[in-house]
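Examining the three-dimensional arrangement
The primary structure of each chain is shown beneath.
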Amino acid sequence: MLLAVGTAARAAATIQPGDVLRVSVLEDAQLGREAPVGVDGTIMLPRIGEVAVAGEGLTEVRVKVEDALKAQGIIRAPTVLVEFATYRPLYVGGAVARPGAIPFEPGLTVRHAIILAGGLDIGAGALPVTAADLDDLRARMRFGSYQLLQVDGQIARLRAELGPGTEADPVEPGLVPPAEAETLLSLDMDLLSSRLAEREANRAHLRTALELVASEIDILERQADLQEDERRIQQEELETARSLVERGVMPRSQLQELQREASQLSRDLLENQAFAARARQARADTEHELAAAEMERTITLREELRAALLERARITSEIGAMRDRLLVLGVTLDGEARRERATPEAVIHRVGPEGSEEIRADMETAILPGDVLDVGLTRTPEG
């Protein structure tokens, strides 16, 4: 699948962690700076503080900074310029002379990236491969398959934990024997069951706490109603007692005793209201804790998923490089020598908001910041 130039240009302008932005404020040069985008997707600017920029374009960030300057009363009508100072690097692996990270520049294509990585490693002048070399390479490829299976199981588990909309692709065992693959994958499924059970237990505990607080609030409100009724009755008794005291029918000491009881009842009512206020605060705190725990869990899972997808791209690239190395040396996996012509093939591994995708590319396909370019070789018999 090939990307259109316009689509690639728009995607390249999307800001992600690892980029560095140059923010300039024409009215006050001290408010601008070169701001790296952190892993949380934010930049720090003088006097403004944190600004969320991940997934945004330059125009959206400019508007955010201008709005922040206005809202904080720093500059009434600011003029802000935002541009990329440094893009996050891309990574080239496989059948190239110098695999690794390459600084990104707008307009970079697969052909440019291969040239910057030292060109294709076609194995010119390679020495014959010994049986020990083949055994070592097969062992490394087998170990890489175990690693890939483990990461695929982790990705499947994380997507299952995140819920609908993040379903995982079927996990392929690769070079791992089916029985061992089933055992490894079952460990992730057991971990998934344990984590889901732990999550539900925590949620049930918080829900029970909310029910208890709600019951306490209800009891306090009923008690307050009874105290209000009692206070009304007591006020009527006080009025009657005052009248009797004024006519000399009741001793003043008895009126004073009624007044002390009324004062105590008022204090009890105020204390009850204080208890109810604290209970409502406890309910609000518990509700916030429940929502915050769910949000923190989702963020953690998404961060783990992003790391696992990047790790999968790395392992896939390494396995492809080892497989291509055998082809470059003119040796099949069973050790038979042959003479072949090498034709480069390129696959771009790209992690976006919707997950990881693989893009079959040609030499003129545009490269984006953060891409992992896996360069392979297809061998065809000569003559």
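Please read all numbers here as calculations on a predicted model, not as lab measurements.

Right, let's talk about the environment of Gln150 for a bit. Tracing the sequence through the fold places Gln150 in helix 4 (residues 131-162). Given the relative accessible area of 55%, Gln150 is considered exposed. For the pair Gln150 and Ala308, spaced 158 residues apart in the sequence, the C-alpha separation amounts to 9.9 Å.

Before going further, it helps to examine the packing of aromatic side chains. Inspection of the entire model under this criterion finds two aromatic pairs. Seen in terms of ring centroids, Phe84 and Tyr87 are 4.4 Å apart; in terms of plane orientation they differ by 25°. Their pairing is stacked. Taken together through their ring pairs, the aromatic side chains of Phe84, Tyr87 and Phe104 make up a single cluster.

Here we come to the sheet that holds strand 5 (residues 80-86). The three strands lie next to each other as 2-1-5, forming an open sheet whose pairing is antiparallel. Across the chains shown, the open sheet's two edge strands, defined by having one partner strand only, are strand 2 (33-36) and strand 5. Averaged over all neighbouring strand pairs, the angle between strand axes comes to 30°, with direction disregarded. Note that strand 1 (residues 20-25) and strand 5 share six bridges and pair antiparallel. Paired with Arg22 across the strands is Glu83, a residue of strand 5. Sheet strands in contact with helix 2 (residues 58-71) are strand 1 and strand 5, and its direction is about 130° off that of strand 5.

Counting residues in hydrophobic clusters, the biggest one holds 40 residues, and the most contacted among them are Leu21, Ile43, Val92, Val110 and Leu373. If one sorts the elements of this core by residue count, helix 2 sits on top with four residues. Setting aside chain neighbours within four positions, we find Ile43 in contact with Leu21, Val23, Ala35, Pro36, Val37, Gly49, Glu50, Val51 and Val53. Counting 14 residues, the second-largest nonpolar core is a separate cluster that includes Leu137, Met141, Leu162 and Ile315.

A few words now on unusual backbone geometry. Its identity is not glycine, yet Arg47 carries a phi of approximately 70°, on the positive side. Looking at the element boundaries, Arg47 is found in the loop between strand 3 (42-45) and strand 4 (49-52). Using a relative accessible area of 60% as the deciding quantity, one classes Arg47 as exposed.

Right, let's get into the confidence of the model for the protein. Summary statistics for the protein give a mean pLDDT of 79 and a share of 84% for residues scoring 70 or more. Mean pLDDT in the protein bottoms out at helix 1 (residues 5-12), which sits at 46, and peaks at strand 1, which reaches 95. Of the regions scoring below 50 in pLDDT, residues 333-339 engages in 14 contacts with residues more than four places distant in sequence or in other chains.

Looking now at the environment of Leu226. Tracing the backbone through its elements, the reader meets Leu226 in helix 5 (residues 178-246). The class for Leu226 is exposed, based on a relative accessible area of 59%. Residues Leu226 and Leu269 lie 43 residues apart in sequence; the distance between their C-alpha atoms is 9.6 Å.

All right, on to the pattern of salt bridges then. For the structure on display, the rule yields 14 salt bridges. Close ionic contact of Arg62 with Glu66 constitutes a salt bridge, the shortest N to O distance being 3.4 Å. Note that Arg62 and Glu66 are positioned in helix 2 at a spacing of four residues, about one turn of the helix. Classification of Glu66 as buried rests on a relative accessible area of 13%.

As for its position among the elements, Leu255 is in helix 6 (residues 252-328). The buried category is assigned to Leu255, whose relative accessible area is 5%. Considering only alpha carbons, one finds Leu255 and Glu237, 18 residues apart in sequence, at a separation of 9.4 Å. Among all residues touching Leu255, those that are not within four sequence positions of it are Leu238, Ala241, Arg242, Val245 and Met250.

With 69 residues, helix 5 extends 101 Å from end C-alpha to end C-alpha; this agrees with the ideal 102 Å at 1.5 Å per step. Taken from the residues just after helix 5, Gly248 is the one with a positive phi, measuring 80°.

All right, on to the pairing of strand 4 then. Note that strand 3 and strand 4 share four bridges and pair antiparallel. Paired with Thr42 across the two strands is Ala52, which belongs to strand 4. Between strand 3 and strand 4, which follow one another and run antiparallel, lie three residues, and Arg47 among them has a positive phi close to 70°.

What counts, and at which threshold
- Residues numbered from 1 in each chain as written.
- Predicted model: local features only at pLDDT ≥ 70, side-chain atom pairs only at ≥ 80, totals over all residues.
- Heavy atoms only, no water.
- Helix = DSSP H or I, 4+ residues; strand = E, 2+ residues; numbered from the N terminus.
- Buried < 20%, exposed > 50% of the residue type's maximum accessible area, 1.4 Å probe, protein only.
- Phe/Tyr/Trp six-rings, centres within 6.5 Å; stacked < 30°, edge-to-face > 60°.
- Pairing = 2+ DSSP bridges.
- Axes fitted to C-alpha atoms, helices over the stretch in contact; angles between N-to-C directions.
- Contact = heavy atoms within 4.5 Å.
- Core = buried A, V, L, I, M, F, W, Y, C linked by side-chain atoms within 4.5 Å.
- pLDDT = per-residue confidence, 0-100.
- Salt bridge = Lys/Arg side-chain N within 4 Å of Asp/Glu carboxyl O.
- Expected span 1.5 Å × (residues − 1).

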